[in-house]
Structure formats: C-alpha cells, structure tokens
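For reference, the chains in residue letters:
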Amino acid sequence: MPQTFPSPHKIKAERVAGFGTTVFTVWSQLAREHQAINLGQGFPDFAPPAFVMVGLKNQLDGYQQYSFLAGMPTLREALAEQYQRDWGRAVDPATEVTVTVGATEGIYATIQALIDPGDEVVLMEPFYDSYPASVTMAGGVCRYVPLRPDDEGSWYLDMDEFRSVVSPNTRMLVLNTPNNPTGKCFTREELQAIADVCIENDVLVLADEVYDHLLFDGREHCSIATLDGMWERTITLSSVGKTFSVTGWKIGWAITSPALTDALQMGLQWVRFSVATPLQLASAEAIQASATNGYYDELTASYQGKRDFLVDALKAAGLRPLIPEGTYFVIADTSDWGFENDESFCRHLVTEVGVVAIPPSHFYSPEHRHLAHHLARFAFCKKDEVLEEAASRLRNAR
Ligand code: PMP
Ligand code: GLN
C-alpha cells in the first residue's frame with residue numbers, strides 16, 4: 001500500500017496544533033470584507049515621518065549582503081548610545097545588543113533561549129497574544145495574573161495575586177510597559193515592587209517596551225532593567241515599528257547582559273542568521289536623527305491629540321473609555337450597549353456600525369476570559385479624518 005503523506009491523522013506538530021488564526025488577522029479581514037474603519041489591528045494608516053523615509057531611500061543603493069548575526073554595527077551603536085542616554089549606564093554594542101526581526105522575534109527567541117519544558121512563565125492579563133504562543137512552543141507553562149481596573153479606571157497589579165502565581169518553578173515574568181492593550185504605564189514604584197519579587201525568587205524578566213516613546217500627560221517611561229539588581233536578569237525588547245510608524249520594517253532589538261545575549265544568539269543563528277540589512281541601516285539613521293531633531297516630542301504630541309479625541313468620541317457614543325497612559329490603544333467598557341460579550345459587541349460594530357475594534361477576551365486565559373466580556377480595544381494610530389468618521393459612526397449608532 002502506498003503511504004499517504006501527510007497522514008490525515010496528524011499534520012500539525014503538537015506545539016502548533018492548538019493555535020487558531022490571530023485575532024488581528026481575523027478582524028482586519030472582517031474590516032476589509034465589511035469595508036469598515038479598522039480601529040482593530042494596531043498599525044498606522046499614515047506615512048512615516050519624512051526624515052525616516054529619506055533615510056530608507058539613502059540605504060536602498062547601499063550594502064545589500066548578509067548582516068552579522070547580532071545586527072549591523074551602526075544600528076547596535078545607535079541603540080547603545082540611545083539606551084546609555086536614557087538609562088544613564090553604559091551599554092556595550094558588541095555584547096549587549098542584538099537586532100531581531102521586530103520585537104515579535106525577540107519575544108519568541110528570548111523564550112526559546114531561556115525556557116525549558118516545564119518552566120513556568122508569568123503573564124499579566126490582558127497579554128499581547130504572542131506571549132502564550134511563544135511559551136507553548138518552548139514547552140513552558142503559562143501562569144496568569146490579571147491586571148484589574150480600579151474605581152477610577154486605572155489598571156493595577158495586585159501584588160498578593162502576583163506573588164501567589166510565583167513558585168520555585170517560575171523562570172520568567174513577561175512585563176509589558178507601556179502596556180498593550182490597557183495603556184498602563186508602570187511607575188518606578190510599581191516596578192520596584194515587581195523587581196523585589198523577581199530578585200527574591202530568582203525570576204528573569206522579559207521587558208517588552210515597544211511603546212516606550214508613547215506616553216501621555218507628561219509621563220516618563222521607566223525600564224525595569226534600570227532598577228538595582230535587575231540588569232543581570234532582564235531582557236529589554238523594543239522595535240522601530242510603533243516609534244517611527246513603520247510596522248512593516250520588522251526591525252527590533254534585545255538589550256541585555258552578555259550572558260543572556262549569548263543565550264539569545266545561540267538560538268537566533270538557526271532561525272534567520274541575520275536581519276534585512278538596508279532596513280537596519282535606515283533604522284540606525286532614524287534613531288540617530290531622533291536624538292536631536294525633536295521627533296519624539298512631536299510624536300507624543302500628535303498621539304496625545306488622537307488619544308484625547310478618541311476618548312471623547314467613545315464617551316459621546318455611550319462607551320466608557322479607561323483612559324490609556326501610553327500606547328496607541330484605548331479599552332472601553334461596553335456594558336451600556338447591552339451586548340452579551342465582547343465578541344458579540346465587536347461583531348455588531350463591524351456589521352452594523354462599520355467600525356472594527358478588537359474583542360479583548362483573546363488576551364486572557366480561559367480562567368479569566370470573563371473579565372473581558374464587556375470590554376473592547378480601539379486603536380487610535382489612524383489619520384484624524386479616519387478617527388472623525390469612526391466617531392461619527394459610533395455616535396450615530398447609539
Ligand atoms: N509587543 C507588543 C506589546 C506589541 O503590541 C507588538 C505590536 N505588534 C509587538 C510586541 C510586536 O512588535 P513588532 O511589530 O516589532 O514585532
Ligand atoms: N501589535 C498590534 C496590535 O496589538 C498588531 C500586531 C499584529 O498584527 N501581529 O494591534
């Protein structure tokens with residue numbers, strides 16, 4: 001008998017068999033099908049700043065061959081200088097910086113490099129969806145702790161709840177600040193309390209800081225890596241996607257100690273060997289230029305206006321926004337619209353109102369999914385006129 005391949009009984013390996021299609025893919029597809037305004041998937045619908053595009057064009061005629069595993073020296077040097085300025089500590093571009101294919105690869109590769117089967121990884125909910133997937137692919141075990149909104153609508157981590165999920169098997173905490181989707185920016189005091197638990201229990205921290213230039217109302221970003229005793233146990237990840245409105249470039253990085261850098265690079269060399277050279281060089285130019293051209297202030301001011309606009313629009317539509325402190329997302333409480341859950345609310349929005357939002361229950365474990373039943377996530381990284389049209393559709397729908 002000729003064997004059929006693949007066997008109808010087993011096509012997918014166990015490490016991927018449980019995955020569905022990502023919520024971002026699903027809802028962007030629905031936006032296209034219904035010609036709805038896409039406030040779901042977080043990507044800017046406007047052009048990147050002119051100086052960033054000039055930098056890219058400058059590089060297109062340049063060097064086109066393999067980069068180094070760790071990334072192009074110019075980019076690593078630009079990053080080392082930036083972190084040195086922001087953190088007030090020397091960062092060695094040769095041994096403490098690794099360029100990755102977006103922060104997404106940084107997350108995957110960090111977890112692959114440091115998590116053994118059975119190791120526990122603590123994730124705060126709502127989480128960015130690639131965290132549990134990456135832990136699962138490494139054979140790790142996720143332990144979940146929810147962020148909760150207080151009476152004023154500010155999200156907080158209950159430290160007793162956090163401590164209760166940390167055990168001798170805990171190897172890593174994933175900490176995302178500014179936080180997608182809540183918009184929470186952890187304060188230095190909150191980070192210190194988290195750091196104390198990590199040090200006491202010998203836990204590593206994957207610090208996902210891709211929104212580190214998007215904070216509102218004069219807030220300043222604080223990296224947990226800068227707290228005493230944390231540098232040695234923290235891998236700080238970020239990328240150019242959000243900061244320079246170039247989510248398609250997929251240039252990211254990991255900043256960490258030489259020992260953790262070495263572990264990360266051992267795996268990475270087999271995943272992609274190196275990262276797109278011209279895009280790294282263009283990213284280096286953008287980062288260097290932004291040290292002096294005032295771009296980060298302009299970015300914050302522009303997003304502050306968009307946040308304020310969308311928050312007011314949601315209020316006017318009878319939705320109750322939880323004011324984000326950073327990122328380009330806002331979570332709203334949809335209870336007053338009377339839907340059974342976030343999925344049915346978002347379905348109604350796309351089919352009847354012509355606006356896409358993301359149902360946040362996808363960012364929770366089954367155990368805590370009910371916490372999201374009356375929430376929806378809206379992105380405001382969109383042109384002002386697009387936000388205005390969405391606002392009018394929402395207002396008229398109510
Ligand atoms: N982490 C968070 C919290 C994000 O929102 C995103 C956005 N896509 C990423 C990581 C991935 O970043 P990148 O596009 O650089 O891979
Ligand atoms: N980070 C973006 C968001 O949260 C989308 C990323 C993606 O599509 N994978 O909307």
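Residues numbered from 1 in each chain as written. Chains lettered and ligands numbered in written order. Predicted model: local features only at pLDDT ≥ 70, side-chain atom pairs only at ≥ 80, totals over all residues. Heavy atoms only, no water.

A.B. asks: What am I meant to see in the overall build of the protein chain here?
C.D. replies: On a plain count of helices and strands, the protein chain comes out with 14 helices and 13 strands. In summary, the protein chain has a C-alpha radius of gyration of 21 Å against a globular reference of 21 Å for 398 residues, a match within 12%. Taken along its principal axes, the extent of the C-alpha atoms in the protein chain is 60 × 55 × 55 Å. For the protein chain, with 398 residues in total, the buried portion stands at 55%. Relative to all contacts within the protein chain whose residues are 6 or more apart in sequence, the contacts with residues 24 or more apart total 73%. Surface accessibility of the protein chain: about 17200 Å² in total, with carbon and sulfur atoms responsible for 51%. (Helix = DSSP H or I, 4+ residues; strand = E, 2+ residues; numbered from the N terminus. Rg over C-alpha atoms; globule rule 2.2 N^0.38 Å. Buried < 20%, exposed > 50% of the residue type's maximum accessible area, 1.4 Å probe, protein only. Contact = heavy atoms within 4.5 Å. Areas by Shrake-Rupley, 256 points an atom, 1.4 Å probe, with all protein chains shown as cover.)

A.B. asks: Looking at this structure, how should I read the site of ligand 1?
C.D. replies: Lining the immediate surroundings of ligand 1 are 14 residues, of which Thr104, Asp208, Tyr211, Lys242 and Lys250 lie closest. A distance of 2.8 Å separates an oxygen atom of ligand 1 from a polar atom in the side chain of Asn180. Here a nitrogen atom of ligand 1 sits 2.9 Å away from a polar atom, N or O, in the side chain of Lys242. Out of a free accessible area of 390 Å², ligand 1 has 92% covered by protein chains. The pocket occupied by ligand 1, as judged from atoms lying within 2 Å of grid points, is the largest pocket. The leading source of residues in the shell around ligand 1 is helix α5 (residues 102-114), at 4 residues. Its residues assigned to classes, the shell around ligand 1 comprises 6 nonpolar, 5 polar and 3 charged. (Near = heavy atom within 4 Å. Polar contact = N/O pair within 3.5 Å; in protein donor to acceptor, adjacent residues only side chain to side chain. 1 Å grid on protein atoms, 1.4 Å probe; cavity = no way out; pocket = protein on both sides within 12 Å on 5 of 7 lines; lining within 4 Å. Sits in = over half its atoms within 2 Å of the grid points. Nonpolar A, V, L, I, M, F, W, Y, C, P; charged D, E, K, R; others polar.)

A.B. asks: Explain the packing of aromatic side chains here, please?
C.D. replies: What characterises a pair of aromatic rings is the spacing of the ring centres plus the angle enclosed by the ring planes. One pass over the structure, following the stated rule, counts 21 aromatic pairs. Where Tyr128 meets Tyr131, the ring centres are 5.9 Å apart and the plane angle is 70°; that geometry is what we call edge-to-face. Under the relative-accessibility criterion, Tyr131 is labelled buried at 3%. Ring plane angle 15° and centroid distance 5.4 Å describe the contact between Phe244 and Tyr295, whose orientation is recorded as stacked. Note that Phe244 is positioned in the loop between α9 (240-243) and β9 (251-255) and Tyr295 in helix α12 (residues 295-316), a separation of 51 residues in sequence. Relative accessible area serves as the criterion here: at 5%, Tyr295 is assigned to the buried category. (Phe/Tyr/Trp six-rings, centres within 6.5 Å; stacked < 30°, edge-to-face > 60°.)

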